[in-house]
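So the chains spell out like this:
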Amino acid sequence: RKIVYVDLDDLEEHFVDDVTHDRDVLKNLYDQWFGTDSVYAKMADPKLERLLQDVRDHLQEDPERKIIIFSMYADTVRYVGEALLSAGIPTLVYTSVNPRSDRIRIREDFDAGLPADKQKDDFKVLIATDALSEGISLHRAGRVINYDIPYNPTRVIQRIGRINRISKKMFD
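Quantities reported herein were computed from a predicted structural model and do not represent experimental measurements.

Some points on the pattern of salt bridges
Then comes step 1: On inspection of all chains with the given rule, the structure shows 11 salt bridges.
Then comes step 2: Measuring nitrogen to oxygen at the nearest pair gives 3.1 Å for the salt bridge that ties R107 to D111.
Then comes step 3: The class of D111 is buried, set by a relative accessible area of 7%.
Then comes step 4: Salt bridges sharing common partners tie together K66, D109, D121 and K124.

Re the side chain of D148
Then comes step 1: Within the secondary structure, D148 is located in the loop between β4 (141-146) and α6 (153-161).
Then comes step 2: Here S71 takes part through its side chain, which lies 2.6 Å from a polar atom of the side chain of D148.
Then comes step 3: A distance of 2.9 Å separates a polar side-chain atom of D148 from the backbone nitrogen of M72.
Then comes step 4: Dropping the residues within four chain positions of it, D148 is found in contact with K47, F70, S71, M72, Y73, T76 and R159.

A closer look at the packing of aromatic side chains
Then comes step 1: On inspection of all chains with the given rule, the structure shows 0 aromatic pairs.
Then comes step 2: Between the NZ or CZ atom of K47 and the centre of the ring of Y147, over which it lies, the distance is 4.3 Å.
Then comes step 3: The aromatic ring of F110 is capped on one face by K66, whose charged end is 5.0 Å from the ring centroid.

Concerning the packing of helix α3 (residues 46-61) against helix α4 (residues 74-86)
Then comes step 1: Remark: α3 packs on α4, axes separated minimally by 11 Å, with the N-to-C direction vectors making an angle of 50°. One way to sum up the angle between α3 and α4 is to call them oblique. Taken as a pair, α3 and α4 cross one another with a handedness that is right-handed. Taken together, the residues of α4 that come into contact with α3 (itself represented by L48, L51, L52 and V55) are Y79, V80, A83 and L84.
Then comes step 2: Of the residues assigned to the contact of α3 with α4, the class counts are 8 nonpolar, no polar and no charged.

Rules used in this analysis
- Residues numbered from 1 in each chain as written.
- Predicted model: local features only at pLDDT ≥ 70, side-chain atom pairs only at ≥ 80, totals over all residues.
- Heavy atoms only, no water.
- Salt bridge = Lys/Arg side-chain N within 4 Å of Asp/Glu carboxyl O.
- Buried < 20%, exposed > 50% of the residue type's maximum accessible area, 1.4 Å probe, protein only.
- Helix = DSSP H or I, 4+ residues; strand = E, 2+ residues; numbered from the N terminus.
- Polar contact = N/O pair within 3.5 Å; in protein donor to acceptor, adjacent residues only side chain to side chain.
- Contact = heavy atoms within 4.5 Å.
- Phe/Tyr/Trp six-rings, centres within 6.5 Å; stacked < 30°, edge-to-face > 60°.
- Lys NZ or Arg CZ within 6 Å of the ring centre and 35° of its normal.
- Axes fitted to C-alpha atoms, helices over the stretch in contact; angles between N-to-C directions.
- Parallel < 35°, antiparallel > 145°, perpendicular 65-115°, else oblique.
- Left-handed = near helix turned anticlockwise from the far one by under 90°.
- Nonpolar A, V, L, I, M, F, W, Y, C, P; charged D, E, K, R; others polar.

Here it is, written out as structure tokens:
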């Protein structure tokens, strides 16, 4: 929490040159990967494209059955959520930094235990981190997609358990 000033005379002779060189190497790598001329910048994301197609197909085949998509990483949740929203799919994006009011919106849209007059249908897809894999019922959804697989297999079971509630069966 404190700023410590170091006199340049206290550093080894090549320290500043080495750090400057390292910074330039890292900047060059970043530009190669993410710059406008990058192969990766022009490259499609086949995993995301397949997910978008699967979600569209699922919603067309069974529009009443909502979808939950889980990812371990908040950046991935935001990235995929933006793509779903850009594709015109009514999507709610949730990570641990969302306001408390979003949990209420999630309950209204995805919890079948709520009285019917309080249930809404604003969203067809919920994409979330594991911050939502415990403690909330999402059983108005009929499909769980694991965009990435967690290291702990118990997490997969917890994710599936969000839509598979005892005595609250909505779908086969």
